[in-house]
Each structure stands twice: as structure tokens, then as C-alpha cells.
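Residue-level structure breakdown
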Amino acid sequence: MSNATTLNSGAGGELPAALVKRDDGIYFDVAATPVARLAAVGQIFLGGACFVGLHYAIFAKMVYNAGPDLPPALAERPLLRFADRIEPFHPARRQLYKNVKVIGGEAEYYFEQVYFDVPGLPPQPARLTFDEFVADMWAKGIRFGIDAPAVRDVIATGRVARITVARRLNAMPGRDAAIVEVSRDIHRSDAPREKSDGRLDLQTFQNRFPQVKPHVKLLRKVPSAPGVRGFEMSGAVIDPPAPKDLELASVAGEGTMIENFRDGEYLVSSVEGFLSVDPKTRRISIGPKIISREGVSARTTGNLQLTGEYEEFGAVQEQRRVEGGNITIHGDVYGSIESRGGDITLNSNLMGGSAVNADGAIRVRGVAAGAVLQTKKGEVALTRAENCIISGTRVVIGEASNCEIMADEVVIKVAEGCAIAARRIEIVHAGPRKQNEMLLYVLVPDTAGYDKRVADLLPRVAAAQREAVQYKEEMDAITSQAEVRNYLTLATRVRKREVVLTPEQEPLFHRMATAVGPALKSVGRISLALKAAQVQEEQARAEVAQVERKKRELIHKSQCSVQLLTGEVQLRPMTYVPDGVAPYDYAPKELKAKVRTSAAGLPTLFFGSVGPIYWAPPQDN
């Protein structure tokens with residue numbers, strides 16, 4: 001370097017090669033190795049000198065590569081300044097520094113007032129310096145980990161204190177290679193599922209039957225990472241243990257593959273299906289539709305939340321819930337079945353549980369007793385139902401007793417003690433059962449909305465009609481004038497060739513046309529306005545007719561028929577609001593209350609024990 005000079009270190013000798021002196025301070029040569037830099041500073045300290053104006057953080061970083069990273073602006077420089085200058089550390093000054101006490105990886109030093117011994121004079125007060133302290137500690141074997149802020153503070157304040165002046169830096173272990181999940185719930189887990197609020201759902205396992213799509217990242221290999229070495233206060237290196245490695249191939253089974261992406265190595269699903277983990281080999285495999293034969297209980301599965309088709313040959317125990325789509329249960333169901341779509345098929349009995357479908361049918365081939373069966377869009381088909389709450393687009397039951405039912409359409413062979421509300425009711429046999437009455441409600445639409453629409457349209461019809469009459473009267477007033485009437489009559493006959501004008505008559509005819517021209521233009525303008533008003537009237541009348549037709553169609557969808565009565569049956573109307581949510585879309589308690597307690601104040605369409613019953617809205621005249 002052009003500015004670089006050499007300096008005698010301590011009592012003599014050249015400045016080591018890893019150090020460079022410039023006019024503005026002492027620099028480390030960044031290109032030198034850490035070993036060379038360590039040897040260089042050791043040569044200075046052990047040669048009886050010290051660094052004045054020492055920047056200890058840069059010093060430790062360059063000698064031991066310990067501590068926070070340097071700012072980019074400094075790290076990129078070829079020379080790095082860390083001290084102002086190098087000065088001799090005289091023995092008389094060195095005597096001011098006491099021994100240090102090392103205990104368990106820490107060094108303690110007692111700071112107090114120090115004195116020079118001057119022959120023939122009393123002891124003279126003296127002050128310590130941080131730069132000399134570092135040099136003295138180096139000579140005493142404390143070469144790493146000095147707490148520079150603490151030492152500078154106690155020296156600057158002159159306090160008497162025993163403080164920890166240096167500490168060992170323990171090695172930080174590295175990270176072993178690991179396999180982490182990148183897809184939610186990819187393995188079967190019987191641990192309680194954690195809710196969004198942090199609480200545990202003790203009724204649900206974390207994941208009993210995992211399901212995945214193709215090309216889904218399941219696992220990612222996290223590569224091993226080396227640890228960070230530490231240092232004894234002597235400067236000796238403390239090496240961290242070597243991290244362990246592993247391979248993704250050890251867990252790759254059928255239906256999976258290993259792929260490399262920019263952010264690492266992944267185990268990816270190659271097919272769509274249900275995921276399973278071999279408890280012995282820990283291999284992950286993906287297969288087709290899952291079929292369970294263990295049943296659904298607190299011991300085997302807990303509650304199930306599935307994203308695909310599910311078939312269970314066992315029973316669903318009480319307080320267990322199965323959520324999914326296209327659910328088939330061959331055993332008895334005592335718990336809850338919830339489907340997001342597709343069919344719910346129960347090939348045995350539904351006892352005290354529930355079957356709820358957002359979009360699809362519910363079919364029970366056995367007996368449903370004390371249960372809730374509801375679909376927002378679909379058919380509910382039952383062989384026999386007792387004490388059930390049922391709703392759906394269409395309900396078909398062989399035998400129903402003591403049930404509460406709401407639907408668009410209800411078809412039942414035998415109904416006893418039920419409360420049924422529907423737009424269309426067809427029952428073969430109906431009657432009470434013990435203390436329960438047989439209540440029928442035919443759902444009739446509230447047509448107030450249609451009537452309001454008609455009421456809003458009629459003024460448009462009347463206004464267009466009045467406008468047309470006004471234009472007609474204006475046009476008649478103009479065409480009734482003698483000149484205009486004569487011209488129009490003659491022009492019509494000429495156009496029809498009933499009259500042939502002579503050469504002498506043609507100029508007269510043209511003068512007549514010129515004279516009545518303004519009036520004819522007014523007639524043309526008024527005629528166009530008249531036609532527009534007539535079109536508006538026709539359109540408004542057509543809208544009125546359309547609303548009336550829809551109203552009639554809606555009203556005539558309400559019907560009720562019972563072929564044979566086995567006791568007293570009551571039939572009453574129950575209004576609902578069309579064009580909104582389905583009239584049967586109620587929670588179970590609301591549905592039951594609506595059909596069991598809504599009779600008060602409603603007119604009676606039929607009450608008796610002699611049938612048949614057939615009710616339909618009156619036909620239009």
C-alpha cells in the first residue's frame with residue numbers, strides 16, 4: 001500500500017504482515033487468514049505493546065470471527081481499521097493490573113483505586129485504561145470474550161467493583177437434517193384436534209383418514225446445517241457436534257415421488273387418494289377410496305372430517321360425528337352424519353342420531369327413531385320413521401309416527417300422530433296416534449310481493465293509455481280541418497288511382513299539399529308518439545300478465561290429498577314467503593315448534609275423521 005509503513009512492535013521488530021499502519025490508524029489486512037491475524041495481535045501483546053483506541057468488536061470479529069456481522073460498507077473493504085496506534089505497555093503500568101479470577105467459564109476482576117510506587121514519594125494515584133487492560137488480560141491468558149462495555153464503564157467511572165470481565169462462548173449446535181410436513185394433517189393422528197381458538201377438541205382426532213390430491217407437496221427435507229463454534233476465554237476453539245443427515249427416499253411409498261424444487265427436495269403425491277403411514281417403516285403411501293371396518297367411536301376414530309367418499313361397515317357410536325361427502329354406513333348409526341354434498345346412505349338404522357346434507361339425498365333403509373334428518377336440497381327417503389324431525393325438498397316415507405315434517409313435497413303411505421307441512425302432501429292412510437294429533441299444513445305462498453308488483457305496474461298501464469288517448473285526440477283535431485280532410489281524401493283516391501289528375505289539375509293539387517304541409521308534419525309526429533305510447537301500454541300489460549301468471553302457478557302448486565282417515569285429521573293453511581330461502585329450512589327445534597304450535601289463529605280447511613281429503617286452491621273464473 002502506498003500509505004503503509006512499518007512499525008516496531010513493543011521493544012522492537014517489524015509490524016506483522018497481517019497488520020498495516022496508516023496515518024489514520026492501525027488496520028487489519030482483510031486478505032490475511034484469521035490464524036495470521038491472531039498471530040499478529042499476539043506478537044504485539046506479547047512483545048510488550050498494546051493497541052490504543054481499540055475497537056474491541058471489530059478486533060474480536062477479525063481475530064475470532066465471533067460476534068455480529070460487520071456492516072456491508074466495512075466488510076467489503078480490503079483494510080479494516082480497529083485501533084488508533086500501537087504504544088509500548090511499560091512494566092510500571094503493567095504492575096497496576098491485578099490477577100484475574102477464573103470460575104466456571106467466567107473471569108472476575110476487582111476494580112479499585114491503583115497507585116504508582118515512586119521512590120522517596122508516597123504512592124501516586126493512577127488510572128487504568130481499557131486498551132492496557134486488554135493487553136494485560138492477553139498476557140494472563142484471557143484472550144477472548146472480554147465484556148468491553150462493562151469494563152469501559154467501570155474504568156471510566158472509577159467505581160470500586162468486582163465484575164465479570166470476560167466469558168466463554170459456548171458452541172451452538174447445528175441442525176440435524178429433518179423431514180417436515182408441508183401439507184396439513186398428512187398422517188393419521190389420534191391426538192385431539194386443536195381448534196382455531198387454541199383449545200383442544202377432545203371429540204375429534206387430528207386426522208384419521210388423510211386425503212390428498214395429485215402433485216401435492218407432502219414432506220420437505222430440511223438439510224442439515226453446521227453449528228457455530230465457540231471459544232474458551234483462552235481463545236481455544238470449541239467445535240459443535242456434527243449434524244446428522246437423512247434421505248427422503250426412506251419414507252417414499254406407493255403413490256408418491258421425490259421432486260426437487262427451487263426451495264428444496266419434496267415428497268409429492270403422484271395420485272389422488274387416501275394417505276396412510278406404515279407404522280413400522282414410516283413410509284407414506286396413497287391409495288384409492290378408503291373403506292373402514294372398525295366403526296366410528298371414541299376408541300377407534302373419534303369424530304371424522306373427510307373430504308372424499310367414505311364407506312363404513314361398522315357402527316357410528318353416540319356423540320360421534322362423521323363429516324364428508326357421499327357417505328355410506330352399513331352399521332347402525334347413533335351419532336351424527338353430515339354431508340357437504342352427494343348422498344347419505346344408511347343401510348341399517350338411525351337411532352337417536354342425525355343425518356344432515358347440504359346438497360343431496362338422505363336414504364335410510366332401516367328404521368329411523370328419535371333422529372333428525374334434514375337436507376337443504378334433495379330427497380329424504382325412509383322405510384320407517386318414529387319420533388323424527390325431517391325436512392327436505394321431497395320426503396318419501398313408508399310409515400311415519402309422531403314425526404314433525406316440513407318439505408316442498410311429502411309422500412307417505414301411513415302417517416300417525418305426525419305434524420306435516422308441505423306445499424304438496426300425498427298420504428294414503430292418516431290419523432292420530434295416542435296423545436299426538438294428526439296435523440296437516442298446506443304451505444300457501446304469501447303473494448303480497450306479486451300483488452305489490454302488479455300495483456306498481458298498473459299506473460304505468462294507465463299512464464300509457466292516457467297518453468295514447470291524448471295523442472289520438474290531437475291527431476283527430478288536425479285531420480278534421482276541412483283543408484286537411486279534403487287533401488287527405490283526394491290524396492288517398494289519387495294513390496289508389498281512383499282519380500287521375502289532368503295537367504291543369506296537378507299544380508292545384510301541389511298547392512293544396514303545400515298549404516297543408518305543416519299540419520301533415522304535426523300529424524306524422526303525433527302518430528309516432530301515439531305508437532310509442534301504445535307500445536309502452538302493451539309492454540306494461542304484458543308484465544302484469546306475467547306476474548299474474550307466476551302468481552297463479554305458485555298458488556296452484558299447493559295441494560293436499562289423503563285417501564283414508566283412521567281418526568281425526570286437521571288441515572290448515574300455513575303461509576310462506578316465496579323467492580326466499582326454502583320454506584322448510586329451519587333448525588330442528590324451530591321446525592318442531594312451527595308445525596306443533598302454529599295452529600292457533602289459522603283457518604281450518606278440514607277437520608274430521610271421514611275422508612278422503614282433497615284440497616286445492618280455487619280455480620280462476
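Residues numbered from 1 in each chain as written. Predicted model: local features only at pLDDT ≥ 70, side-chain atom pairs only at ≥ 80, totals over all residues. Heavy atoms only, no water.

Thoughts on the sheet that holds strand β7 (residues 106-111)
Pairing between sheet strands relies on hydrogen bonds along the backbone, with the strands arranged either parallel or antiparallel. Read from one edge of the open sheet, three strands run β6-β7-β10, paired in antiparallel fashion. Both edges of this open sheet fall to β6 (101-103) and β10 (161-167), since each of them pairs with a single strand only. With direction set aside, neighbouring strand axes in the sheet form an average angle of 30 degrees. Here three bridges tie β6 to β7, and the two strands are oriented antiparallel to one another. Bridge pairing in β7 places Val 102 opposite Ala 107. With respect to the sheet, helix α6 (residues 148-157) is in contact with β7 and β10, its orientation differing from that of β10 by roughly 155 degrees. (Pairing = 2+ DSSP bridges. Helix = DSSP H or I, 4+ residues; strand = E, 2+ residues; numbered from the N terminus. Axes fitted to C-alpha atoms, helices over the stretch in contact; angles between N-to-C directions. Contact = heavy atoms within 4.5 Å.)

Remarks on the side chain of Arg 37
Along the polypeptide, Arg 37 turns up in helix α1 (residues 34-46). Buried and unpaired, Arg 37 has no salt bridge, with Asp 29 as the nearest side chain of opposite charge at 6.7 Å. Excluding its chain neighbours within four sequence positions, the residues that come into contact with Arg 37 are Ala 18, Phe 28, Asp 29, Val 30, Ala 32 and Met 62. (Buried < 20%, exposed > 50% of the residue type's maximum accessible area, 1.4 Å probe, protein only. Lys, Arg positive; Asp, Glu negative; His and termini not counted. Salt bridge = Lys/Arg side-chain N within 4 Å of Asp/Glu carboxyl O.)

Thoughts on the sheet that holds strand β4 (residues 79-83)
Reading across the sheet, the three strands line up as β1-β2-β4 and stay open at both edges, with antiparallel pairing between neighbours. The open sheet has two edge strands with one neighbour each: β1 (19-22) and β4. With strand direction ignored, the average angle separating the axes of adjacent strands in the sheet is 40 degrees. The sheet contact formed by β1 and strand β2 (residues 25-29) spans four bridges and is antiparallel. Each bridged residue has a counterpart across the sheet, and for Arg 22 the counterpart in β2 is Gly 25. In the packing of helix α2 (residues 56-64) onto the sheet, contacts are made with β2 and β4, and the angle to β4 comes to roughly 130 degrees.

Some remarks on the nonpolar core
Phe 51, Phe 59, Phe 82, Phe 111 and Val 165 are the most contacted members of the largest nonpolar core, which totals 56 residues. With seven residues, the single largest contributor to this core is α2. With residues up to four places along the chain from it excluded, the contact list for Phe 111 reads Leu 128, Phe 133, Val 151, Val 154, Ile 155, Arg 159, Val 160, Ala 161, Ile 163 and Val 165. In terms of nonpolar packing, the next biggest core, distinct from the first, is built from 47 residues, Val 322, Ile 327, Val 333 and Cys 560 among them. (Core = buried A, V, L, I, M, F, W, Y, C linked by side-chain atoms within 4.5 Å.)

With respect to the pattern of salt bridges
The full count for this structure, using the stated rule, is 25 salt bridges. When the shortest N-O distance is used, the salt bridge between Lys 140 and Asp 136 registers 2.8 Å. Judged by its relative accessible area of 30%, Lys 140 falls in the partly exposed class. Note on Asp 136: relative accessible area 2%, which makes it buried. Across the salt bridge formed by Asp 408 and Arg 423, the nearest N and O atoms sit 3.4 Å from each other. In this pair, Asp 408 sits in strand β35 (residues 404-416) while Arg 423 sits in strand β36 (residues 419-431), placing the two residues 15 residues apart along the sequence. A residue is classified by how much of its surface remains accessible, and Arg 423, at 17% relative accessible area, is buried. One continuous salt-bridge network, built from bridges that share partners, spans Arg 94, Asp 136 and Lys 140.

Some details on the environment of Val 63
By the secondary structure assignment, Val 63 is in helix α2. Residue Val 63 is classed as buried on the basis of its relative accessible area, which comes to 4%. Counting along the chain gives 23 residues from Val 63 to Ala 40, while the straight-line C-alpha distance between them is 9.4 Å. For Val 63, the residues in contact, after removing those within four places along its chain, are Phe 28, Pro 34, Leu 38 and Val 41.

Details of the packing of aromatic side chains
The relation between two aromatic rings is expressed through the spacing of the ring centres and the mutual angle of the planes. For the structure on display, the rule yields 19 aromatic pairs. Aromatic side chains Tyr 56 and Phe 130 sit 6.1 Å apart centroid to centroid with 85 degrees between the ring planes, which places their arrangement in the edge-to-face category. Placement of Tyr 56 in helix α2 and of Phe 130 in helix α5 (residues 130-139) is noted, with a sequence separation of 74 residues between them. In this structure Tyr 56 comes out as buried when scored by relative accessible area, which is 10%. (Phe/Tyr/Trp six-rings, centres within 6.5 Å; stacked < 30°, edge-to-face > 60°.)

Quick look at the confidence of the model for the chain
The share of residues in the chain with pLDDT of 70 or more is 86%, and the mean pLDDT across the chain is 83. Here strand β13 (residues 200-207) is the element of the chain with the lowest mean pLDDT, 44, and strand β3 (residues 49-52) is the one with the highest, 96. This stretch, residues 199-206, has a pLDDT under 50; its non-local contacts, to residues over four places away or in other chains, come to 35 contacts. (pLDDT = per-residue confidence, 0-100.)

A short note on the side chain of Asp 136
Relative to the helices and strands, Asp 136 is located in helix α5. When near neighbours in sequence (up to four residues on either side) are disregarded, Asp 136 contacts Phe 89, Arg 94, Tyr 97 and Lys 98.

As for α1
With 13 residues, α1 should reach 18 Å at 1.5 Å per residue; the first-to-last C-alpha distance of 18 Å fits that figure. Of all the positions in α1, only Arg 37, Ala 40, Val 41, Gly 42, Ile 44 and Phe 45 are classed as buried. Looking one or two residues beyond α1, the residue adopting positive phi is Gly 48, at roughly 85 degrees. (Expected span 1.5 Å × (residues − 1).)

Structural notes on unusual backbone geometry
With phi around 65 degrees, His 215 is a residue other than glycine that occupies positive phi space. Tracing the backbone through its elements, the reader meets His 215 in the loop between β14 (211-212) and β15 (217-222). One non-glycine residue with positive phi stands out, namely Asn 402, at about 55 degrees. The buried category is assigned to Asn 402, whose relative accessible area is 14%.

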